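# Coordinate analysis (summary)
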Amino acid sequence: MNWHRYVSLLPFILLSVAQAFQPLSIRQVMRSRSHQAYHGYQMTYASRTEEEFETREANRAQPRTGLAQSLLNFALSSPLWKYVLVPQARANIVKTAESNGVRWNEALEWIKVQGPWDGQDKMPSGVDYPEYYLKPFHAYEEGNINWGAAWEQELAGRAVGARNFPEYGPNGEDAFRSAFDEALDELGSVVPQDSTIVDLGCGTGTSTRRLAERYSQAKNIIGIDLSPNMVVVGKRLLELAPKGVDEGGPWVTTIQPDDRIELKIGDAASTGLPDSSADVVNIGLVVHELPTAASITLCEEAHRILKPGGQLWLTEMDFDSPAFAAQRSNPLLFSLIRSTEPFLDEYADGCADLRAYIAETYQDVKICAATGRHYALIATKPIESRNDVADASQMDNIIDDRRFDADGSYAVADTHLKTWETKKN
């Protein structure tokens, strides 16, 4: 019997079953109050009318419970998932990349020989891995603490971009990140002259380099990541400054060296940077990979290192969007996604807690849709702390939420490929 043939079909069989579970419509339960309290934090969403608020603040679809969900949870922790479906998920993202003109395999072979890598992945003394960081991530058994994850991070980023903006093919990631740039501009992002930008959870530095490219007035751009592998590869790429394939080079994108960029190995929740030393703290596509408590700790650290009046920029997946709500309402379909994202359920459930903390701690909090399933948020560190304000009630915990139009529809159309697609037909 040809087991490989049947194994390769298993994800598609599960996907077919998942479609059978798909509800005819997303259950929408309207909130009747404009104040929501979560774990001791309270926030108010700015809204033109109560009716508009209730329409746009529909609850996210929740995962199913019961026997079916229990069986799925068991499958996610079984050898079947680890040795069959997770590799299949990786194969699918590689196929997506190659189908859209991202030369994954060629770029991977090139970066592998740009070392030496052995022995370079040492942690600085005094920096330890939190327990959550040791879980398997993104189809890598060692999570982010291995060379494979570091070599392939920017390749995967190009594939994710192609999935979100398939009409742009190999340049989908540029369109994807531009959508966040435009959303932050819309919300009033400010980068002063001679400023310091800190990029938490920078990986190999894709986001850090983009910040440097966009904000020539910044004096320092510091990227911090807990994976020594990621930081070492990111530094090597800055040294090599390869051209992208569209310019005849070996890498998936052209990299410009920039002396203002500093990539550091460290815990983004405990950076060691001085108090009130940063003008902007960027956390881009990071917190969906963390437990909620760790995400709040990250925002606490951002608050500590920001100067009064400095801005927190947070860009992330939005499980209030119809696209992600539909996926999450289908347990089988969502399980295929969260097989390589161990904290995705907790992230989806904890988004309200995280935003409530931000509303409680920062001021002038604004959020808008960036893509059809992602948001951008800006929050400002108060000039005066709550302890210094005689009447703390003067610091209203308000979030100016612009993600939904007046009719309740999400403000940006979803262009993402269907789960089973690898290319736009």
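What counts, and at which threshold
- Residues numbered from 1 in each chain as written.
- Predicted model: local features only at pLDDT ≥ 70, side-chain atom pairs only at ≥ 80, totals over all residues.
- Heavy atoms only, no water.
- Core = buried A, V, L, I, M, F, W, Y, C linked by side-chain atoms within 4.5 Å.
- Buried < 20%, exposed > 50% of the residue type's maximum accessible area, 1.4 Å probe, protein only.
- Helix = DSSP H or I, 4+ residues; strand = E, 2+ residues; numbered from the N terminus.
- Contact = heavy atoms within 4.5 Å.
- Axes fitted to C-alpha atoms, helices over the stretch in contact; angles between N-to-C directions.
- Parallel < 35°, antiparallel > 145°, perpendicular 65-115°, else oblique.
- Nonpolar A, V, L, I, M, F, W, Y, C, P; charged D, E, K, R; others polar.
- Pairing = 2+ DSSP bridges.
- Phe/Tyr/Trp six-rings, centres within 6.5 Å; stacked < 30°, edge-to-face > 60°.
- Lys NZ or Arg CZ within 6 Å of the ring centre and 35° of its normal.

Right, let's talk about the nonpolar core for a bit. In terms of nonpolar packing, the biggest core is built from 49 residues, with Ile111, Ile197, Trp251 and Trp313 touching the most fellow members. Sort the elements by how many residues they give to this core and helix α7 (residues 172-187) lands first, with 7 residues. Those residues in contact with Ile111 that lie beyond four places of it in its chain are Trp117, Trp151, Leu237 and Trp251.

As a packed pair, helix α6 (residues 147-164) and α7 sit with axes 7 Å apart at the nearest point and diverge in direction by 75 degrees. Of the possible angle classes, the one that applies to α6 and α7 is roughly perpendicular. Contact residues: Gly157, Arg158, Val160, Gly161, Ala162 and Asn164 in α6; Gly172, Glu173, Asp174 and Phe176 in α7. Here the contact of α6 with α7 is built from residues that sort into 3 nonpolar, 4 polar and 3 charged.

This part takes up the pairing of strand β6 (residues 278-284). With respect to burial, β6 is a largely interior element, 6 of its 7 residues being buried. The pairing of strand β3 (residues 196-200) with β6 spans 4 bridges and is classified as parallel. Note on β6: the bridge partner recorded for Ile197 is Val280. As paired strands, β6 and strand β7 (residues 306-317) are joined by 6 bridges and run parallel to one another. By the bridge assignment, Val280 is partnered in β7 with Gln311.

Turning to the packing of aromatic side chains, a few remarks are in order. Taken as a whole and assessed by the stated rule, the structure comprises 15 aromatic pairs. Each ring, one from Tyr132 and one from Tyr133, has its centre 6.3 Å from the other, and the planes form 85 degrees; the classification is edge-to-face. On the basis of relative accessible area, Tyr132 is assigned to the buried category, the value being 19%. A residue is classified by how much of its surface remains accessible, and Tyr133, at 10% relative accessible area, is buried. Pairwise contacts between aromatic rings join Tyr129, Tyr132, Tyr133, Phe137 and Phe343 into one cluster. Seen from the ring of Tyr375, Arg355 lies directly overhead, with NZ or CZ sitting 5.6 Å from the centre. Over the face of the ring belonging to Phe324 we find Arg373, whose NZ or CZ atom lies 5.0 Å from the ring centre.

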